[in-house]
Amino acid sequence: MKIIGSLTEISRQAAKWQRQGLKIALVPTMGCLHEGHLSLMRQAAAVADRIIVSIFVNPIQFGPNEDFGSYPRQFQTDCELAEKEGVHAIFSPESKDMYGDSFQTKVHVAKLSEGMCGADRPGHFDGVATVVLKLFHLTLPDFAVFGQKDFQQLAIIRRLVIDLNLKVEIIGCPIVREQDGLAMSSRNKYLLGESRSQALCLSKAIQTARKFVAESQQQVPAATVISQTREIIAQAGGKLEYAVVVNETTLENETIVTPQSMLAIAVKIGGTVRLIDNARLFPEPE
Ligand code: PAF
C-alpha cells in the first residue's frame, strides 16, 4: 500500500491507473477508522480495481468552536487497518498544501445545506463540498463511497455531482452499528462513563419510530414521530439539536410519513459530544 502526502504524486498515481484502464474508487475519510469505514472500503473493493482512502481532517468544515483540534487522530493504526482491507493508496495531504495562504474558493450547495446540520453548523457543508470536489479532482475516481450516517452530506454530494456534471458514481453504504445499536462514529471515542449508555437514546428513538410506523394502521403524522423522539431524548438527558422527518432526496420536511421519509436526529450528549443518526421510517421492502 502506498502512503502519499503529495498532491502531485496522488494525481500522477491516479492518472497512471486511469491510463492503464483500472477503475478507481475513493473512500474519503477524516481517519480514526472504524468498522463503518472498513465497510466502505469493502464496497469500494467490490466495484473497483484500485482503492484510494483519503485521510484528512479537513479544517474548513469545522466551525471556530468545534473539535478540529481535538478530533481523534490515529494515523498509524488507520494505515494498518486500511492495508488489511487491501487498500492500494492512502492519500493524506497537509492542510497547507490543500489550502494555501491565498485560498479563497468555496463550493456551496445551496438549499440542501440549509437545514439540519447545516443550520447548527454554519459553513460546514461548504467545507465538505469543497474538499470533496478537490479530492475528486486529485484522485480521479470512477466511484466514491460514503456512509449513510452522514445522510445530509450524502444528499449534498449527490447533488454536487449532478450539478457539476462530475463523472463519478456515488455509492451510499448502510450505517454500521455497535451491537447495542449505537451508530459507529469516530466521535464515539469522546463518550466516556455514563455518556456511552446515554448515547443509546439516538438509536432507541429511531427504533421506536420505525416500530410505531410499522405497526400503525393509518398514516402517521411526522409531528407524532418527532414528539416521541423528543421525549426519548429528553428522558435520557440528551440535548436534542434537531429531529426532522424529511424526504430522502430533497431533504424537505414531510408532514406525513411516506416510504421516502427519513427520520434524522442530532443530539448533544453530556453537553459536548454531538452525535447524529438517521433511518428510513417505512419498513424496507421484503
Ligand atoms: O464524512 C467525513 O468524514 C468528511 O465529511 C469527508 C467526507 C471525508 C470530508 O472531509
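Structure shown above.
What comes next is a walk through the structure. (Residues numbered from 1 in each chain as written. Predicted model: local features only at pLDDT ≥ 70, side-chain atom pairs only at ≥ 80, totals over all residues. Heavy atoms only, no water.)

### Here we look at the site of the ligand
Argument step 1. Taken together, Pro28, Thr29, Met30, Asn58, Gln61, Val128, Val131, Phe146, Asp150 and Gln153 make up all the residues around the ligand.
Argument step 2. Note that an oxygen atom of the ligand is positioned 2.6 Å from one of the side-chain N or O atoms of Gln61.
Argument step 3. Side-chain polar atom of Gln153 to an oxygen atom of the ligand: 2.7 Å apart, as the coordinates give it.
Argument step 4. Coverage of the ligand by the protein amounts to 89% of the 290 Å² it exposes when considered alone.
Argument step 5. Every element with two or more residues in the shell around the ligand is listed here: β2 (24-29) and α6 (124-139).
Argument step 6. Along the lines of polarity and charge, the residues of the shell around the ligand split into five nonpolar, four polar and one charged. (Near = heavy atom within 4 Å. Polar contact = N/O pair within 3.5 Å; in protein donor to acceptor, adjacent residues only side chain to side chain. Areas by Shrake-Rupley, 256 points an atom, 1.4 Å probe, with all protein chains shown as cover. Helix = DSSP H or I, 4+ residues; strand = E, 2+ residues; numbered from the N terminus. Nonpolar A, V, L, I, M, F, W, Y, C, P; charged D, E, K, R; others polar.)

### Some points on the side chain of Ser195
Argument step 1. For Ser195, the position within the fold is in helix α8 (residues 195-198).
Argument step 2. The exposure class assigned to Ser195 is buried, which follows from its relative accessible area of 15%.
Argument step 3. Setting aside residues no more than four positions away along its own chain, Ser195 makes contact with Ile269 and Gly270. (Buried < 20%, exposed > 50% of the residue type's maximum accessible area, 1.4 Å probe, protein only. Contact = heavy atoms within 4.5 Å.)

### Details of helix α9 (residues 200-215)
Argument step 1. In this model, α9 (16 residues) spans 22 Å end to end at C-alpha, consistent with the 22 Å of a helix rising 1.5 Å per residue.
Argument step 2. Buried within α9 we find Cys201, Leu202, Ser203, Ala205, Ile206, Ala209 and Val213.
Argument step 3. Packing partners of the buried residues in α9 comprise α8, α10 (222-236), β8 (261-269) and β9 (273-280). (Expected span 1.5 Å × (residues − 1).)

### Remarks on the environment of Val168
Argument step 1. Residue placement: Val168 occurs in the loop between α7 (151-163) and β6 (169-173).
Argument step 2. Along the backbone, Val168 and Leu26 are 142 residues apart, and their C-alpha atoms lie at a distance of 9.7 Å.
Argument step 3. Sequence-distant contacts of Val168, defined by excluding residues within four places in its chain, comprise Phe136, Pro141, Asp142, Phe143, Ala144 and Val161.

### Some remarks on the pattern of salt bridges
Argument step 1. This structure, assessed with the given rule, holds 15 salt bridges.
Argument step 2. Between Arg42 and Glu85 there is a salt bridge, with the nearest N and O atoms lying 2.9 Å from each other. Residue Arg42 is located in helix α2 (residues 35-47), and its partner Glu85 is located in the loop between α3 (75-84) and β4 (89-91); the two are separated by 43 residues in the primary sequence.
Argument step 3. A network of salt bridges, in which partner residues are shared, links Asp120, Glu241, Lys268 and Arg274. (Salt bridge = Lys/Arg side-chain N within 4 Å of Asp/Glu carboxyl O.)

### Topic: the sheet that holds β9
Argument step 1. Read from one edge of the open sheet, three strands run β7-β8-β9, paired in antiparallel fashion. A strand with exactly one partner marks an edge of an open sheet, and here the two such strands are β7 (239-247) and β9. Averaged over all adjacent pairs, the angle separating strand axes in this sheet is 15°, with direction ignored.
Argument step 2. Against the sheet, α10 touches β7 and β8, its axis set at about 155° to β7. (Pairing = 2+ DSSP bridges. Axes fitted to C-alpha atoms, helices over the stretch in contact; angles between N-to-C directions.)

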